[in-house]
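Below are the chains, spelled out letter by letter.
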Amino acid sequence: MRKIVLFLLCVWTWEMSAQKLESNPVGYRFTDTKVLPCTSVKHQEYSGTCWSFSGLSFLESEIMRMGKDSVNLSPMWIVRCAYIEKAVKFVRMHGKGVFSPGGATGDIFNIVRKYGLVPAEAYPGLNYGTKEHKHAELDAALRGYITAIARDPNKGLTTAWLPGFEAILDVYMGSAPASFVYRGKEYTPQSFREFLEIEPDEYVAVTSFTHHPFYMPFAIEVEDNWDWGMSWNLPLDDFSALFEQVLLKGYTIYWCADVTEASFASTKGYAVIPMITEENVDPEEKEKYLAMNSVQQRMFVLNKRRPGKEVKITQELRQKGFDTFATTDDHGMHIVGLGIDQIGNKYCKVKNSWGERGQDYKGFFYASYPYVAYKTINMVIHKKALPEHIRKKFKAYSVF
């Protein structure tokens, strides 16, 4: 009898502790509510090519969505081809445009349309003596070369400048494969794209800003949008609802967002916009909290690192963030699912390109609904994932 009583006491103590933890949660604990197929987490390492890693991760999920076998595509193939396009445009602009390793969401689809796709093993892009992508020297060499060419030292460009630029890419990244063998069959980059049935025109970029008309496309004014790619503009209510709607339909999202918030803690597994109020402070700590200045109060709430109330995001707040550079074009990622925390807040599950090591969720993290509503620059989805009422409004302005 004594053993039974002790056992029941232990159970009761554990249950009470669990209830106390739920009412006063420490840390973030997530439960997936929807997860879509995706390939393994990759690492962009020392390269500014998140846009390529995340864009291809998105296409890899699209390939699986269409019922095909999974494939790991080559981010460095896209990077190489994009550098050629950037160089041509930079020279046409007499060196006044943007030339950098960064890119925008539209780059993936423009490059795939013109140059095709290549599996990762056919073009690893590592030809400079390291096992990881380390692009500082490559970027500096390309930048120095193309800047000199754009100055037009001969007072008339020669036919050698572009082959010279491509020669640098060949030395550092490897020569472009005219064809390759994949699973026993020979392909060219274009025939491989056709085999995978990736149609770039089937995808659409969307955003939400008030300095351009709604339901029409415009080029988002960020530095990495060097090719002036267009995004369709939606009111915030339609835009923020899209994330959940698209994922519930079985489509993933290619996501470009700001990651400069102090509450962006991807290595710990979350990105949030916490409300800095007394409501997010334990009762026994309120006196201490109220004695702080506003900066100290903000850091106090952020350092709690646990779920709480978040800021209500309005169209005006989102626009102000973009206009004042509080929201900047920082990082490309891949949204692959939905989840909730232990108090019921909703999140998008995000696949990152910073590897698994040192990451609480092995390369994934959870971005709250307020975070994606506030900090998204734009996102790309399959056109079929758009709700019909939005498709109809887009068609009113263009063949869509």
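What comes next is a walk through the structure. (Residues numbered from 1 in each chain as written. Predicted model: local features only at pLDDT ≥ 70, side-chain atom pairs only at ≥ 80, totals over all residues. Heavy atoms only, no water.)

**Here we look at the packing of helix 2 (residues 50-65) against helix 4 (residues 105-115)**
The interhelical angle for the contact between helix 2 and helix 4, taken along N-to-C directions, is 70°, at an axis separation of 9 Å. By the angle between their axes, helix 2 is roughly perpendicular relative to helix 4. By crossing handedness, the relation of helix 2 to helix 4 is classed as right-handed. Here W51, S52, G55, L56, F58 and L59 of helix 2 lie close against helix 4, whose contacting residues are D107, I108, F109 and V112. Per-class residue counts for the contact of helix 2 with helix 4 are seven nonpolar, two polar and one charged. (Axes fitted to C-alpha atoms, helices over the stretch in contact; angles between N-to-C directions. Helix = DSSP H or I, 4+ residues; strand = E, 2+ residues; numbered from the N terminus. Parallel < 35°, antiparallel > 145°, perpendicular 65-115°, else oblique. Left-handed = near helix turned anticlockwise from the far one by under 90°. Contact = heavy atoms within 4.5 Å. Nonpolar A, V, L, I, M, F, W, Y, C, P; charged D, E, K, R; others polar.)

**Notes on the nonpolar core**
Counting residues in each nonpolar core, the largest one holds 50 residues, and the members touching the most others are L59, L73, I78, L117, F165 and F192. Broken down by secondary-structure element, the contributors of at least two residues to this core are helix 2, helix 3 (75-92), helix 4, helix 5 (136-150), helix 6 (161-173), strand 2 (180-182), helix 7 (189-196) and strand 4 (203-207). Ranked by residues supplied to this core, first place goes to helix 3 with eleven residues. Those residues in contact with L59 that sit more than four places away from it in its chain are L73, I108, F109, V112, I198 and Y203. (Core = buried A, V, L, I, M, F, W, Y, C linked by side-chain atoms within 4.5 Å. Buried < 20%, exposed > 50% of the residue type's maximum accessible area, 1.4 Å probe, protein only.)

**Observations concerning the side chain of H382**
When you line up the elements, H382 lands in strand 13 (residues 376-382). A relative accessible area of 6% places H382 in the buried class. Of note is the side chain of H382, whose polar atom sits 3.0 Å from the backbone nitrogen of K384. If near-sequence neighbours (up to four positions away) are discounted, H382 is found in contact with F58, E62, R65, E202, Y203 and Y251. (Polar contact = N/O pair within 3.5 Å; in protein donor to acceptor, adjacent residues only side chain to side chain.)

**Quick look at the pattern of salt bridges**
All told, the structure shown has 13 salt bridges when counted by the stated rule. Of the charged contacts, one joins E197 and K68 as a salt bridge, the two residues approaching to 3.1 Å between their closest N and O atoms. Linking E197 in the loop between helix 7 and strand 4 with K68 in the loop between helix 2 and helix 3, this pair joins segments that are 129 residues apart in sequence. Taking the relative accessible area as the measure of exposure, E197 reaches 44% and is therefore partly exposed. Notably, a salt bridge pairs R113 with D201, separated by 2.7 Å at the nearest N-O pair. Placement of the pair is R113 in helix 4 and D201 in the loop between helix 7 and strand 4, with a sequence separation of 88 residues. (Salt bridge = Lys/Arg side-chain N within 4 Å of Asp/Glu carboxyl O.)

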